[in-house]
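Notes for the structure review
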Amino acid sequence: YLKSDSTELSHIVDAVTKNAMGHNTVSFSLLHNGKELVRSPASPIMETILHIYGQEVARAMLPVHFSSRFASVTGAVSKPAITRGSMDAQSFYINSRNVTSRALGFALRRGYGTLLPQGRFPVAVLKISVDTKEVDVNVHPTKNQVRLSHEWEISEAVTMAVSSALSGQDLVPSIKTTQSILYGKAGSSP
């Protein structure tokens, strides 16, 4: 049931990068035919994002720290200027387990409010800590889908965490005018 070599390699790269971001205190390296495809040394989450997504994305990430009665949310989300055409750059971890969750994806989007264009998705690495009694991991054989006892409250914690991270930030990208490029400063003249 294996697909083409390139498809299978893509799945492997995805699994390694998700694990590297979810367990950023561990070093990860992926080699294929003598070429290093992924390298992520043990480091703080922002440095791990730099290694996985590159400098442009890392510069546009905002730290997330939020706690509620039902969940503690940490990680990073991108400024609205950095988006993707799919949700592939969104990683959710519940108690260190990488999960896929429509509810958490919608909660992330709600946290941005009207800041995202239709059909665009932010880059996000969100680690959600909940009481283990609140999580059922026996929903799918791969264990990447979970059932949450208080899904609404946990989703709301994600929405509030993202909204809180974005509030008070300078979210408008700076625009370089021809004049500022020529003379080094906006509004300066020779």
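Not measured: the values here are computed from a predicted model. (Residues numbered from 1 in each chain as written. Predicted model: local features only at pLDDT ≥ 70, side-chain atom pairs only at ≥ 80, totals over all residues. Heavy atoms only, no water.)

Okay, the overall build of the protein chain next. Helices and strands together make up the secondary structure of the protein chain, namely six helices and eleven strands. Across the protein chain, contacts joining residues at least 24 apart in sequence account for 60% of those joining residues at least 6 apart. Of the roughly 11,400 Å² of accessible surface on the protein chain, 53% is carried by carbon and sulfur atoms. (Helix = DSSP H or I, 4+ residues; strand = E, 2+ residues; numbered from the N terminus. Contact = heavy atoms within 4.5 Å. Areas by Shrake-Rupley, 256 points an atom, 1.4 Å probe, with all protein chains shown as cover.)

Turning our eyes to something else, we now look at the layout of surface pockets. Computed from the structure, the largest pocket encloses a volume of approximately 640 Å³. Forming the walls of the largest pocket are 28 residues, and the residues nearest its centre are K18, M87, D88, Q90 and T100. At the level of elements, α1 (5-22), α2 (45-53), β6 (90-94), β7 (97-99), α4 (102-112) and β8 (121-122) are the ones that each hand at least two residues to the lining of the largest pocket. Tallying contributions element by element places α1 first for the lining of the largest pocket, with seven residues. Of the residues belonging to the lining of the largest pocket, the class tally is eleven nonpolar, eleven polar and six charged. (1 Å grid on protein atoms, 1.4 Å probe; cavity = no way out; pocket = protein on both sides within 12 Å on 5 of 7 lines; lining within 4 Å. Points joined across faces, edges and corners; volume = space filled by probe spheres on them. Nonpolar A, V, L, I, M, F, W, Y, C, P; charged D, E, K, R; others polar.)

In this section: the sheet that holds β6. The pairing of strands in a sheet happens through backbone hydrogen bonds and is either parallel or antiparallel. Read across the sheet, five strands follow the order β3-β4-β9-β6-β7 without closing on themselves; strand pairing throughout is mixed. The open sheet terminates on both sides in strands that have one partner only, identified here as β3 (61-67) and β7. Neighbour to neighbour, the strand axes of the sheet diverge by 20° on average, direction disregarded. Alignment of β6 against strand β9 (residues 124-129), held across five bridges, turns out to be parallel. Paired with S91 across the strands is V125, a residue of β9. (Pairing = 2+ DSSP bridges. Axes fitted to C-alpha atoms, helices over the stretch in contact; angles between N-to-C directions.)

Tracing the backbone shows S40 in strand β2 (residues 35-40). Beyond its immediate stretch of four places on either side in the chain, S40 contacts A20, V26, S27, F28, T48, H51 and I52.

Note that all results are geometric; they support no functional claim without further evidence.
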